[in-house]
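# Coordinates in review
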Amino acid sequence: MAEVGEIIEGCRLPVLRRNQDNEDEWPLAEILSVKDISGRKLFYVHYIDFNKRLDEWVTHERLDLKKIQFPKKEAKTPTKNGLPGSRPGSPEREVPASAQASGKTLPIPVQITLRFNLPKEREAIPGGEPDQPLSSSSCLQPNHRSTKRKVEVVSPATPVPSETAPASVFPQNGSARRAVAAQPGRKRKSNCLGTDEDSQDSSDGIPSAPRMTGSLVSDRSHDDIVTRMKNIECIELGRHRLKPWYFSPYPQELTALPVLYLCEFCLKYGRSLKCLQRHLTKCDLRHPPGNEIYRKGTISFFEIDGRKNKSYSQNLCLLAKCFLDHKTLYYDTDPFLFYVMTEYDCKGFHIVGYFSKEKESTEDYNVACILTLPPYQRRGYGKLLIEFSYELSKVEGKTGTPEKPLSDLGLLSYRSYWSQTILEILMGLKSESGERPQITINEISEITSIKKEDVISTLQYLNLINYYKGQYILTLSEDIVDGHERAMLKRLLRIDSKCLHFTPKDWSKRGKW
């Protein structure tokens, strides 16, 4: 058995932790760092195949030294995707194949038929137009499984590559392809942060042409041992204390503090409670800077220009990076708009969450980053943020999709929102003169502002699409209908379009900046 003093960075061994059921388990973990505090050694561990937000400092009593795996001395730093100096990612789990239908025939299924008017020579991949109708009926039809084509489920996070919906519903190999967001040609600066004053302009002297596009996707090619570890112990924001999940590039001198104090209105950070109290006597803000474009009850949304309110936007990105791992932080916030959701009380407007979007997106992204702060999670605010982003897209007359990749929690929220929104449309269809009600994929997309690829992938995720006698049939079973109705009863927070006061701008014109 190895000694505690022999443990070094890179070792792998089982580590004791409590799971969600409050039971002890010993998952395999990797030692990322070792530190000595008052003669007591602490080890920073990353649990293999677990999310990084579960990483933590542990004592040697929680380590199983009998099963330790030392790193190979002769192995050099491995490369990933041909990029030198990058560390390998955690082993990825295989995506399971789509589950087969149970074979149980329900008494009264609701069937919606997707008609493509397929030519006889066409195979499983249709070549019809995307505007061919979907029709529905409440009649009982036999379950012809032998004549139906196999439908592969594609994750909603994976957009269908082709613009023609029928040609991209069913990939022949059934594999989900991961979309890689386009990176801008110009690299952003990331070595400066001014937090002492709110700059209303991003430049001095002769202004350069402002950029309207950008990306917050992390390419993961510059990960090192520092950014893989949480560097902030605790954040105090108003009446809440938050425990960060991931690394955020706050100034290094603040990372050693037990608590980092933030003003909940301007998000400036201080090293002590006394500094915060002194700041609050001078801070006039009681709400985020920018324009309030929505208010209903105690919920408000503020639109913030990343160029006009640079300091607030940068501080918001620093805070958000503590809870977002798949996005990278850029200090150049000029190309982005930030929509901050707040909850109002007698003391002011308290931040609940936010999402950002490009002023002009070439990829039809209506969200770049989206976050609900941990104290407000699991209360319906995440879906409210998503619904608001699509409400803005409706006003703009566009369809939109979130920037990929989504975090695990973000993917769950979007999947749930897409499913509920599309099912709400399908279940609201009414038959006319005894015929099946008809709707097209494009009409669903136009009504909801959800991009066609996301509509199709959601139908596939719900396993609603079946191929029957030359046409695609959407079958809404009793279980799906009952589950949807139960979910909608719990969804109490909704966006009221009458309370939205928003005028979209044409950011392609320089004068609008």
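Every chain's residues receive numbers from 1 upward, in the order its sequence appears when written. Per-residue local features are limited, in this predicted model, to residues with pLDDT of at least 70; the limit for side-chain atom pairs, both in listing and counting, is 80 or more; totals at the level of whole chains, interfaces and linings are taken over all residues. As a rule here, side-chain values cover all heavy atoms of the structure and leave hydrogens and water aside.

The protein carries the name Histone acetyltransferase KAT5 in an unreviewed UniProt entry, which gives Bos indicus x Bos taurus as its organism. Word for word, the UniProt comment on the protein under Sequence similarities (unreviewed entry) is "Belongs to the MYST (SAS/MOZ) family." UniProt positions are given in the numbering used here, feature names are shortened, and annotations may be inferred rather than shown by experiment.

## Here's the deal with helix α2 (residues 310–321)
Segments assigned H or I by DSSP are reported as helices when at least four residues long, segments assigned E as strands when at least two residues long, and all are numbered from the N terminus. Multiplying 1.5 Å by the residue count of a helix minus one yields the expected span of that helix. Look at α2: 16 Å from first C-alpha to last across 12 residues, which is about the 16 Å you get at 1.5 Å a residue. Counted residue by residue, α2 has 12 buried out of 12 residues, so it is predominantly covered. In this scheme, a residue with accessible area under 20% of its type's maximum is buried, one over 50% is exposed, and one in between is partly exposed, where area comes from a 1.4 Å probe on protein chains only. Considered for burial, the residues of α2 that qualify are Lys310, Ser311, Tyr312, Ser313, Gln314, Asn315, Leu316, Cys317, Leu318, Leu319, Ala320 and Lys321.

## Let's talk about the packing of aromatic side chains
Two rings from Phe, Tyr or Trp (for Trp, the six-membered ring) form a pair when their centres sit within 6.5 Å of each other. Planes less than 30 degrees apart are called stacked, planes more than 60 degrees apart edge-to-face, and all others tilted. In the structure shown here, the tally under the stated rule is 17 aromatic pairs. Ring geometry for Tyr414 versus Trp418: centroids 5.4 Å apart, planes at 55 degrees, classification tilted. Of the two residues, Tyr414 and Trp418 are both situated in helix α4 (residues 408–427); the distance of four residues between them amounts to about one turn of the helix. What makes Tyr414 buried here is its relative accessible area of 1%. With a relative accessible area of 0%, Trp418 lands in the buried category. Looking at Lys35, its charged tip hangs above the ring of Trp57, at a distance of 4.2 Å from the centre. Here Lys359 stacks its cationic end above the ring of Trp507, 4.8 Å away from the centre of that ring. Criterion for a charge above a ring: Lys NZ or Arg CZ within 6 Å of the ring centre, and within 35 degrees of the ring normal.

## Some points on the nonpolar core
With 80 residues, the main nonpolar core has Tyr250, Phe301, Leu319, Tyr354, Phe388 and Leu459 as its most contacted residues. Looking at this core, the element that brings in the most residues is α4, giving eight residues. What marks off one domain from the next here is an automatic or database domain assignment. Residues from two domains meet in this core; each of domain 2 (229–372) and domain 3 (405–492) gives at least three. By definition in these notes, contact holds between two residues if any of their heavy atoms fall within 4.5 Å. With sequence-adjacent residues up to four places away left out, Phe301 is seen in contact with Asn291, Glu292, Ile293, Tyr294, Val340, Met341, Leu384, Leu385, Phe388 and Ile495. Take the buried residues of types Ala, Val, Leu, Ile, Met, Phe, Trp, Tyr and Cys, join any two whose side-chain atoms come within 4.5 Å, and each joined set is a nonpolar core. The next biggest cluster of nonpolar side chains, apart from the first, holds 14 residues, and it includes Ala2, Cys11, Val45 and Val58.

## Looking at the packing of α4 against helix α6 (residues 452–461)
Lines fitted to the C-alpha atoms define the axes, with helices restricted to the stretch that makes contact. Angles between their N-to-C directions range from 0 to 180 degrees. Taken N-terminus to C-terminus, the directions of α4 and α6 make an angle of 90 degrees; their axes are 10 Å apart at the nearest point. On the basis of the axis angle, α4 is roughly perpendicular to α6. Residues Arg415, Trp418, Ser419, Ile422 and Leu426 of α4 pack against Asp454, Val455, Thr458, Leu459 and Tyr461 of α6. Across the contact of α4 with α6, the residue classes break down as six nonpolar, two polar and two charged. Our angle categories are set so that under 35 degrees counts as roughly parallel, over 145 as roughly antiparallel, 65 to 115 as roughly perpendicular, and the remainder as oblique. Ten residues, namely Ala, Val, Leu, Ile, Met, Phe, Trp, Tyr, Cys and Pro, are considered nonpolar, four, namely Asp, Glu, Lys and Arg, are considered charged, and the remaining ones, Gly among them, are considered polar.

## Some details on the pattern of salt bridges
Only one rule defines a salt bridge in this text: a Lys or Arg side-chain nitrogen within 4 Å of an Asp or Glu carboxyl oxygen. Using the criterion set out here, one finds 21 salt bridges in the structure. Close ionic contact of Arg241 with Glu236 constitutes a salt bridge, the shortest N to O distance being 3.0 Å. In this structure, the salt-bridge partner of Glu387 is Arg491, at a minimum N-O distance of 3.3 Å. With Glu387 in helix α3 (residues 381–396) and Arg491 in the segment after α7 (478–490), the pair connects residues that are 104 residues apart, well separated along the chain. In terms of burial, Glu387 and Arg491 fall into one category: buried. Residues joined in a network through salt bridges with shared partners are Glu387, Glu424, Arg491 and Arg494.

## Looking at the environment of Glu358
Examined against the element boundaries, Glu358 turns out to sit in strand β16 (residues 348–358). A relative accessible area of 9% means that Glu358 is categorised as buried. Distance in space between the C-alpha atoms of Glu358 and Gly306 is 9.8 Å, their sequence separation being 52 residues.

## Brief notes about the packing of α3 against α4
One way to put it is that α3 packs onto α4 with a least axis distance of 10 Å and a crossing angle of 60 degrees. Compared by their axis directions, α3 and α4 come out oblique. The crossing of α3 and α4 is right-handed. Only Ser413, Tyr414, Ser416, Tyr417, Trp418 and Gln420 of α4 make contact with α3, whose side of the interface consists of Lys383, Ile386, Glu387, Ser389 and Tyr390. Broken down by class, the residue content of the contact of α3 with α4 amounts to five nonpolar, four polar and two charged. Helix crossings get a hand from a simple test, with the near helix turned counterclockwise from the far one by less than a right angle marking a left-handed crossing and a clockwise turn marking a right-handed one.

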